[in-house]
Amino acid sequence: MAEKTNGKSLAVDFGELSPESMKDLYLSEREQSQTIRSQLAVPVTIISFLIFGYVSFAQEVDIARWHETATLTMLALALASILLTFAAMIYLARVERTFLGAGPEGVEGRLQGSDEAGFFLDAIRSVRKHNDAASRCRGRAFFLLLAALASFIVAVTLLPLHKQGGMAIAGAENAAARQIA
């Protein structure tokens, strides 16, 4: 019997594998789980960068000028970026939640005599299924974070237009004050 994952045949006949080989395959799948978990460092770093950016951005924006095109566009892009970041965080939480149910824990303690091969076959399938689900969630989170980052970069790029509009208003007020004086 050939195992299938995501429509791809793995061309592994588990019936021909010894219990030791199946145990090694199971441990390899568990190691893949740890690799997926360790790859969450990049998305978490992006989230940290975005949070710092949002705080700095908020200090530079004059919300009272929300009706100006540049300001309204910046605020909409920043809000979209924040929403995309939250969506990515949900997917990252799903990655961790997926691993909570992945495969039996304490393999050696749960083995019961002659059904060792069957146990490992079930364990391999379970862990592989969870790894696939976690990889999909991690990929979606990364895509959402890249979209959030792109949206935020465009918002920050518009900041000079926002400030220029504010300087034009301040310059007009100063000119009006000089004429009155």
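Residues numbered from 1 in each chain as written. Predicted model: local features only at pLDDT ≥ 70, side-chain atom pairs only at ≥ 80, totals over all residues. Heavy atoms only, no water.

Student: Whenever I open this one, helix α1 (residues 19-38) confuses me. Can you help?
Tutor: Three or four residues apart is the spacing at which side chains of an α-helix point the same way, because the helix has 3.6 residues per turn. Along its 20 residues, α1 runs 29 Å from first to last C-alpha, staying within 8% of the 28 Å computed at 1.5 Å per residue. Along α1, the positions that sit buried rather than exposed are Met22, Tyr26, Glu29, Ser33 and Ile36. An end-on view of α1 places all buried positions within 70° of arc, on one side of the element. (Helix = DSSP H or I, 4+ residues; strand = E, 2+ residues; numbered from the N terminus. Expected span 1.5 Å × (residues − 1). Buried < 20%, exposed > 50% of the residue type's maximum accessible area, 1.4 Å probe, protein only. Arc of directions from axis to C-beta.)

Student: Sorry if this is basic, but what is going on with the packing of helix α2 (residues 41-60) against helix α5 (residues 116-157) here?
Tutor: In a pair of packed helices, the angle between the axes and the distance between the axes together describe the arrangement. At a minimum axis separation of 10 Å, α2 and α5 run at an interaxial angle of 25°. Viewed along their axes, α2 and α5 adopt a mutual orientation that is roughly parallel. Pair α2 / α5 crosses with left-handed handedness. Contacts between α2 and α5 involve Val42, Pro43, Ile46, Ile47, Phe49, Leu50, Gly53, Tyr54 and Phe57 on the former and, on the latter, Phe142, Leu145, Ala148, Leu149, Phe152, Ala155 and Val156. Of the residues contributing to the contact of α2 with α5, the split by class is 15 nonpolar, one polar and no charged. (Axes fitted to C-alpha atoms, helices over the stretch in contact; angles between N-to-C directions. Parallel < 35°, antiparallel > 145°, perpendicular 65-115°, else oblique. Left-handed = near helix turned anticlockwise from the far one by under 90°. Contact = heavy atoms within 4.5 Å. Nonpolar A, V, L, I, M, F, W, Y, C, P; charged D, E, K, R; others polar.)

Student: Sorry if this is basic, but what is going on with a positive patch on the surface here?
Tutor: On the surface, a cluster of positive charge is contributed by Arg94, Arg97, Arg136 and Arg140. Secondary-structure elements contributing two or more residues to the positive patch are α3 (69-100) and α5. Here Arg94 is to be found in helix α3. Overall, the relative accessible area of 35% leaves Arg94 in the partly exposed class. (Patch = residues over 30% accessible without salt bridge, like charges linked within 9 Å, V, L, I, M, F, W, Y side chains within 5 Å. Areas by Shrake-Rupley, 256 points an atom, 1.4 Å probe, with all protein chains shown as cover. Salt bridge = Lys/Arg side-chain N within 4 Å of Asp/Glu carboxyl O. Lys, Arg positive; Asp, Glu negative; His and termini not counted. Charge placed at Lys NZ, Arg CZ, Asp CG, Glu CD.)

Student: What should I look at first to understand α2 in this one?
Tutor: Taking 1.5 Å per residue as the helical rise, α2 with its 20 residues ought to reach 28 Å, and the 29 Å between its terminal C-alpha atoms agrees with that figure. By the burial criterion, the buried members of α2 are Pro43, Ile46, Ile47, Leu50, Gly53, Tyr54 and Phe57. Considered in projection along α2, the buried side chains sweep an arc of 130° and stay on one side of the axis. Away from its buried face, by an angle of more than 90 degrees, α2 presents the exposed residues Thr45, Phe52 and Gln59.

Student: Explain a nonpolar patch on the surface to me, please; I cannot follow it from the model alone.
Tutor: On the surface, Val42, Phe142 and Leu146 cluster together into a nonpolar patch covering about 240 Å² of accessible area. Its location among the elements puts Phe142 in helix α5.

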